[in-house]
Amino acid sequence: MKIEVLGAERRRRWRHEDKIRIVEESFAPGTVVCDVARRHEIANSLLFSWRRQAREGRLGGGGVETGFVPVTISAADTKRPVSGDVAARSEASPRFPPRLRVD
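Sequence order sets the numbering: in each chain, residues are counted from 1 along the sequence as written. Residues qualify for local features only when their pLDDT is at least 70, as the model is predicted, and side-chain atom pairs are given and counted only at 80 or more; totals for whole chains, interfaces and linings, by contrast, use all residues. As a convention, hydrogens and water are excluded, and side-chain values are obtained from all of the structure's heavy atoms.

## Regarding the pattern of salt bridges
The salt bridge definition used is simple: a Lys or Arg side-chain nitrogen within 4 Å of an Asp or Glu carboxyl oxygen. As enumerated under the stated definition, the model contains six salt bridges in all. Across the salt bridge formed by D18 and R15, the nearest N and O atoms sit 4.0 Å from each other. Residues E25 and R39 are paired through a salt bridge, measuring 2.8 Å at the closest nitrogen-oxygen approach. Taken as a pair, E25 in helix α1 (residues 16-26) and R39 in helix α2 (residues 33-39) lie far apart in primary sequence, 14 residues in all. Between buried and exposed lies partly exposed: a residue is buried under 20% and exposed over 50% of the maximum accessible area for its type, with that area taken using a 1.4 Å probe on protein chains only. The exposure class of E25 is partly exposed, given its relative accessible area of 24%. Taking relative accessible area as the criterion, R39 reaches 51% and is therefore assigned exposed. If you follow the salt bridges from partner to partner, you end up with R15, E17, D18 and R21 in one network. Strands here mean DSSP runs of E at least two residues long; helices mean DSSP runs of H or I at least four residues long; both are numbered from the N terminus.

Listed below in structure tokens is the structure:
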């Protein structure tokens, strides 16, 4: 009698360079993350975990440069300087007419 085990768990060990390559591929503009995971035969959740770790600088690899740097945006960074002409024009003629208050 011969017994064959189907669906045995396979746990792969990914090299750091392969993780970086896959994560960078998933960050390309217009890329669907789930398609990248399917193409490399990994679970969607694993790829999303790798992406989060890369953004946080925790993907690992023993000092290999990942190309990802944590970014902090402050409130001062979100305001663009406005020239006086643009500011005066926007105050004089708003893009939308003011709403009428009905009491």
